[in-house]
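Here are the chains, one letter per residue:
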Amino acid sequence: MANTGTRQSVSLRKELSLLELTIIGLVGAVGTGILFSAPQMMVMSGPAVILGWILGGIFYFFISLTYMEMGTLYPEAGGPARYAYYTHGPLTNLLNAWASMVWYLFIPPAEAIAVVYGINYFTHNLLTPSGVPTWLGAGVAAALILLMVPFNYFGVKAFGVTTTGIGIVKLILYLIIPVGLMIAVFMPQNFAGLPGGFMPYGAAAMFASIPLAMFAFGGTRVIPDYAEEMRNPQRDLPLAVLLVVIGQTLIYILFAVAYVASINWSVFGVKPGDWADLTMITSAYNPVIFMAGKYGITYLLAVATIVGILGPFVVGYIYLGAGSRVLFSMYRSKYVGAKVGEIHEKYAIPYWALIIFGLAGLVLALLSPIPTVYTIIEEAVVAGYLGFSVVPVSLVVSRRQGLSGIYKVPAPAVIGALAFIFATWIIYWSGWPATPYGVLLVFILSIIFGVIYKVKAGLKNAIWYIVYMLVMVLMTYIGQTAGGPVPILKFPWDMVTVTILAIVFYVWGIYSGLPKPYETPPVKS
């Protein structure tokens, strides 16, 4: 029976262990990003894709450090969508929460569509020639969203146990792919011995490819969303985040090396060194399934087929669950109705938040055959980094308020600055039209729900964040690395400008913070 009263008689249960958190983070990260992003990055930057993943791991490491402290300071469900509430007030947090929500909202349908890509290798009727889902493909994606809901509905303990079991199998299968590819085909000259060398299209192309990698690093973001449901968040949250960042970075580098080394140019009919002509790998098929089939490796094709379907599905249902916690946190911030905050009496989950979130994903999946909607699903995940960028600022403001978590980031002002700069780079590299799509969605949703729920406190504390997002849109419009329509600011001066702007907004954001938390948190640290 579900609790329908306004006063909760039940609360979220503390049932997730360190092992479960680590597996959830790893398998929540290792999915579509490595299957689709790594080959696309290789087409864009050649062997420099390996350096792109290394840099992505370094950037995300610094961003994750800020989550390690803030997660132990405010161990709440959907906590990252609440940190700014305490440091800058309701309006800044409204924008930040919707930035996080857009990130989460679009990932389950994106992963469901990734599964459709895998199935389409055999059916050939779920995608158009341009790679957009057909209406039948959209129906399959919507059905997959429905299948994701039960994995989250029957309590966080069942979710943790199930995901750990499936996740370990998934990780083993994933690791078979790069090892199998390199056993079948290994061409060391591909790394630097072909025309153009290691970085055939220059540093700007390599930097422009990194946002594709960052989509795959989101696994650590889900860990603090479950902080309120951890057995020991003060110990397990920082350790799980650290293990996931290191683990996923090593897996991604292995995949990048395998993709580069396993390109047999004659099989694909491409001149050696013409990485940009390998687009057939990234077209209408799952790249891993396509390569395994092209090389005629039967066992690898079977593994790749399972991976291409199971991998994205698991990522999708993990984000569906974590996203429901973000929506639940928005209820606590009074941005959505009280129904969203209801907790199931038997299963102790925010069940209405899960149902609403699942329905939203289903609708997006059904609308995916509309090219504009499909593009938004692909592009709007940049909104997540608009949300990530606030956390380093909140970290330093919390220290100025005299607060810190059990885990304390060393040199918080410096680490925070690096994390903010890296998040800003990723937003900028996401380019045009991804950044405008993300910012526009955040503004529209924040305005609508801000008006409905009368959110107006903390306007002066939010000005820096509003201007920051608008400036990032402008920079993607005029910057060369961002691929803007009017690239008057050339590389590397566009990167210099973006970095200087990041420092300015970082300082402005810190001095826009509140002298003490806006309110007492519902969960003690």
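We now examine the overall build of the protein chain. When its secondary structure is counted, the protein chain shows 23 helices and 0 strands. Taken over C-alpha atoms, the radius of gyration comes to 22 Å for the protein chain, in line with the 24 Å a tight globule of 525 residues would show. For the C-alpha atoms alone, the extent of the protein chain along its principal axes is close to 65 × 55 × 40 Å. Considering the protein chain as a whole, with its 525 residues, one finds that 63% of them fall into the buried category.

Attention now moves to unusual backbone geometry. Residue P433 follows W432 across a cis peptide bond; omega there is 10 degrees. Inspection of the secondary structure puts P433 in the loop between α20 (412-430) and α21 (434-452). In this structure, the amide linkage connecting F491 to the following residue, P492, adopts the cis form with an omega of 10 degrees. By secondary structure assignment, the location of P492 is in the loop between α22 (459-478) and α23 (493-511). One non-glycine residue, H124, lies in the positive phi region at around 60 degrees. Judged by its relative accessible area of 53%, H124 falls in the exposed class. Positive phi outside glycine occurs at A411, with the angle close to 45 degrees.

One broad rule of soluble globular proteins: the nonpolar side chains tend to lie buried together. Grouped together as the largest cluster of nonpolar side chains are 186 residues, with contacts concentrated most on W53 and L278. When residues of this core are assigned to their parent elements, the largest contribution, 20 residues, is made by helix α5 (residues 90-123).

For the rest of this paragraph, the subject is the layout of surface pockets. Using a probe with the size of a water molecule, rolled over the atoms, empty space left in the structure can be pinpointed. Reported here for the second largest pocket is a volume of approximately 330 Å³. For the second largest pocket, the lining is made up of 16 residues, of which W98, L105, A360, L364 and L445 are closest to its centre. Every element with two or more residues in the lining of the second largest pocket is listed here: α5, α16 (351-366), α17 (371-379) and α21. Looking at the lining of the second largest pocket, its residues break down into 16 nonpolar, no polar and no charged.

On to the packing of helix α1 (residues 18-29) against helix α12 (residues 233-261). Packing of α1 against α12 brings their axes to within 9 Å, and their N-to-C directions diverge by 35 degrees. Judged by the twist between their axes, the crossing of α1 over α12 is right-handed. Packed against α1, whose contacting residues are L18, L21, T22, G25, L26 and A29, the element α12 presents D236, L239, A240, L243, V244, G247, Q248 and Y252 at the interface. Grouping the amino acids of the contact of α1 with α12 by side-chain chemistry returns 9 nonpolar, 4 polar and 1 charged.

Let us look at the environment of S209. Locating S209 in the fold gives a position in helix α10 (residues 202-214). Overall, the relative accessible area of 0% leaves S209 in the buried class. Counting along the chain gives 301 residues from S209 to I510, while the straight-line C-alpha distance between them is 30 Å.

Moving on: the pattern of salt bridges. Within the structure shown, the criterion is met by 8 salt bridges. Measuring nitrogen to oxygen at the nearest pair gives 3.1 Å for the salt bridge that ties E76 to R82. Like E76, the residue R82 is buried in the burial classification. Where D225 meets R221, a salt bridge forms, and the shortest distance between an N and an O atom there is 2.7 Å.

This part is about a nonpolar patch on the surface. On the surface, W432, L474, Y477, V486 and I488 cluster together into a nonpolar patch covering about 460 Å² of accessible area. Inspection of the secondary structure puts W432 in the loop between α20 and α21.

Moving on, we get to the confidence of the model for the protein chain. Summarising the model, the protein chain shows a mean pLDDT of 90, and 96% of its residues fall at 70 or more. Low pLDDT (under 50) marks residues 1-7, which in the prediction has 15 contacts with non-local residues, meaning those over four places away or in another chain.

Here α21 crosses α22 at 155 degrees, and the two axes come no closer than 9 Å. Taken together, the axes of α21 and α22 are roughly antiparallel relative to one another. The handedness of the crossing between α21 and α22 is left-handed. Contacts from T435, P436, V439, V442 and F443 of α21 reach α22 at I466, M469, L470, M472, V473 and T476. Of the residues that constitute the contact of α21 with α22, the class distribution is 9 nonpolar, 2 polar and no charged.

Okay, the packing of aromatic side chains next. All chains considered together, the criterion is met by 48 aromatic pairs. Of the aromatic side chains, those joined through ring pairs into one cluster are F59, F61, F62, F207, F422, W425, W429 and F491. The aromatic ring of Y85 is capped on one face by R82, whose charged end is 4.9 Å from the ring centroid. The ring of Y511 is capped by R400, whose NZ or CZ atom sits 4.7 Å from the centre of that ring.

Tracing the sequence through the fold places Y506 in helix α23. Sequence separation between Y506 and P133 is 373 residues; the distance between their C-alpha atoms is 40 Å. Beyond its immediate sequence surroundings of up to four residues, Y506 is in contact with P392, V393, V396, P412, A413, G416, A417 and F420.

Looking at the secondary structure, you find V363 in helix α16. C-alpha separation for the pair V363 and P109, spaced 254 residues apart in sequence, amounts to 8.9 Å.

Note that T92 resides in helix α5. Given a relative accessible area of 0%, T92 falls into the buried group. Within the local environment of T92, its side chain forms a polar contact with the backbone oxygen of N461, the two atoms lying 3.2 Å apart. Leaving out residues up to four positions away in the same chain, T92 has contacts with A84, G458, N461, A462, W464 and Y465.

Cut-off values and rules
Residues numbered from 1 in each chain as written. Predicted model: local features only at pLDDT ≥ 70, side-chain atom pairs only at ≥ 80, totals over all residues. Heavy atoms only, no water. Helix = DSSP H or I, 4+ residues; strand = E, 2+ residues; numbered from the N terminus. Rg over C-alpha atoms; globule rule 2.2 N^0.38 Å. Buried < 20%, exposed > 50% of the residue type's maximum accessible area, 1.4 Å probe, protein only. Core = buried A, V, L, I, M, F, W, Y, C linked by side-chain atoms within 4.5 Å. 1 Å grid on protein atoms, 1.4 Å probe; cavity = no way out; pocket = protein on both sides within 12 Å on 5 of 7 lines; lining within 4 Å. Points joined across faces, edges and corners; volume = space filled by probe spheres on them. Nonpolar A, V, L, I, M, F, W, Y, C, P; charged D, E, K, R; others polar. Axes fitted to C-alpha atoms, helices over the stretch in contact; angles between N-to-C directions. Left-handed = near helix turned anticlockwise from the far one by under 90°. Contact = heavy atoms within 4.5 Å. Salt bridge = Lys/Arg side-chain N within 4 Å of Asp/Glu carboxyl O. Patch = residues over 30% accessible without salt bridge, like charges linked within 9 Å, V, L, I, M, F, W, Y side chains within 5 Å. Areas by Shrake-Rupley, 256 points an atom, 1.4 Å probe, with all protein chains shown as cover. pLDDT = per-residue confidence, 0-100. Parallel < 35°, antiparallel > 145°, perpendicular 65-115°, else oblique. Phe/Tyr/Trp six-rings, centres within 6.5 Å; stacked < 30°, edge-to-face > 60°. Lys NZ or Arg CZ within 6 Å of the ring centre and 35° of its normal. Polar contact = N/O pair within 3.5 Å; in protein donor to acceptor, adjacent residues only side chain to side chain.

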